[in-house]
Amino acid sequence: MERMERTDLVTAYEKVVNALKHGQQYTLRGLAQETGLNPRTVSKTIKLLKISEAFCQKAQIEISRINKIQIIRAKPVVGLARLPGQIQNLLIRTAYFPTVSRDEEVLVHLYIKDAVNPNKAINMTKDKTLSELVKAEHIAKTKDGRYYLTKDGQMIAKGAIEIYPEFGTEAK
């Protein structure tokens, strides 16, 4: 029987996090198969993730240098950062963005339609908002007059979907 090579803690942690980050559900054995790790390693890594999760809700690791000495400390998380992401977004929306802008509507529309490169560009009726978004380089126009999101436009559309979850009902 071939003996498996041991996996270091950081590598195991990264493999498990990468497998879990898309929200898919796994059994312990399924996660072990997905990551190529021993089930006992996966179990220990999950325990470490839970400890890290609890710690990160209360503190943030701060690393600084003084001359050639590295200083590491746990800095308490304060203010808005202590709240869950959904609550943060709700507060930001209420205080700063109570209504959806026309720009965000156009960007999210393109995002939902998956118009994220020239090959996936779509036809749209040209108006002032569309022209301004093209000028701001959030949207690009193909030679045949179709439109798609630039990388910046995609990032803004994703942010709008986070702030306005009702957009997400149709989003990819």
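Read on for an overview of the structure.

## A look at a nonpolar patch on the surface
Okay, step 1: A cluster of nonpolar side chains, Phe 55, Ile 61, Ile 63 and Ile 72, forms an exposed patch at the surface whose accessible area comes to about 390 Å².
Okay, step 2: On the accessibility criterion, Ile 63 (52% relative accessible area) is exposed.

## Section: unusual backbone geometry
Most peptide bonds are trans, and most residues other than glycine sit at a negative phi.
Okay, step 1: At Asn 67, a position not held by glycine, the phi torsion is positive, near 55°.
Okay, step 2: For Asn 67, the position within the fold is in the loop between strand 1 (59–66) and strand 2 (69–76).
Okay, step 3: The backbone of Asp 114 shows a phi angle near 60°, a positive value even though the residue is not glycine.
Okay, step 4: Position of Asp 114 relative to the elements: it lies in the loop between helix 5 (102–112) and helix 6 (128–135).
Okay, step 5: A residue is classified by how much of its surface remains accessible, and Asp 114, at 23% relative accessible area, is partly exposed.

## Quick notes on the pattern of salt bridges
Okay, step 1: In the structure shown here, the tally under the stated rule is eight salt bridges.
Okay, step 2: Residue Lys 120 is joined to Asp 114 by a salt bridge in which the shortest nitrogen-to-oxygen separation is 2.8 Å.
Okay, step 3: Assessed through its relative accessible area of 38%, Lys 120 is described here as partly exposed.
Okay, step 4: Close ionic contact of Lys 128 with Glu 132 constitutes a salt bridge, the shortest N to O distance being 4.0 Å. With Lys 128 and Glu 132 both in helix 6 and four residues apart, the pair spans about one turn of that helix.
Okay, step 5: Classification of Lys 128 as exposed rests on a relative accessible area of 64%.

## A short note on the packing of helix 1 (residues 9–20) against helix 3 (residues 39–58)
Okay, step 1: Where helix 1 meets helix 3, the axes come as close as 10 Å, and the angle between the chain directions of the two elements is 80°. Considered as vectors, helix 1 and helix 3 are oriented roughly perpendicular to each other. Across from Leu 9, Ala 12, Tyr 13, Val 16, Val 17 and Leu 20 in helix 1, the residues of helix 3 making contact are Thr 41, Thr 45, Ile 46, Leu 48, Leu 49 and Ser 52.
Okay, step 2: Here the contact of helix 1 with helix 3 is composed, by residue class, of nine nonpolar, three polar and no charged.

## Remarks on the pairing of strand 1
Okay, step 1: Looking at chain direction, strand 1 and strand 2 are connected through eight bridges and run antiparallel. Residue Glu 62 lies in a different strand from strand 2, and its bridge partner there is Arg 73.
Okay, step 2: The hairpin turn running from strand 1 into strand 2, its antiparallel successor, is two residues long, and Asn 67 in that turn takes a positive phi close to 55°.

## Quick notes on the nonpolar core
Okay, step 1: Formed by 18 residues in total, the largest nonpolar core has its most connected members in Val 106, Leu 107, Leu 110, Ile 139, Leu 149 and Ala 157.
Okay, step 2: When residues of this core are traced back to their parent elements, those giving at least two are helix 5, helix 6, strand 3 (139–141), strand 4 (147–149) and helix 7 (151–163).
Okay, step 3: Considering every element that reaches this core, the biggest residue donor is helix 5, with five residues.
Okay, step 4: Apart from residues lying up to four places away in sequence, Leu 149 is in contact with Leu 107, Leu 110, Tyr 111, Ala 115, Val 116, His 138, Ile 139, Gln 154 and Ala 157.
Okay, step 5: If you look at the next biggest cluster of nonpolar residues, it comprises eight residues, including Ala 19, Leu 31, Ala 32 and Val 42.

Quick notes on the rules
Residues numbered from 1 in each chain as written. Predicted model: local features only at pLDDT ≥ 70, side-chain atom pairs only at ≥ 80, totals over all residues. Heavy atoms only, no water. Patch = residues over 30% accessible without salt bridge, like charges linked within 9 Å, V, L, I, M, F, W, Y side chains within 5 Å. Areas by Shrake-Rupley, 256 points an atom, 1.4 Å probe, with all protein chains shown as cover. Salt bridge = Lys/Arg side-chain N within 4 Å of Asp/Glu carboxyl O. Buried < 20%, exposed > 50% of the residue type's maximum accessible area, 1.4 Å probe, protein only. Helix = DSSP H or I, 4+ residues; strand = E, 2+ residues; numbered from the N terminus. Axes fitted to C-alpha atoms, helices over the stretch in contact; angles between N-to-C directions. Parallel < 35°, antiparallel > 145°, perpendicular 65-115°, else oblique. Contact = heavy atoms within 4.5 Å. Nonpolar A, V, L, I, M, F, W, Y, C, P; charged D, E, K, R; others polar. Pairing = 2+ DSSP bridges. Core = buried A, V, L, I, M, F, W, Y, C linked by side-chain atoms within 4.5 Å.

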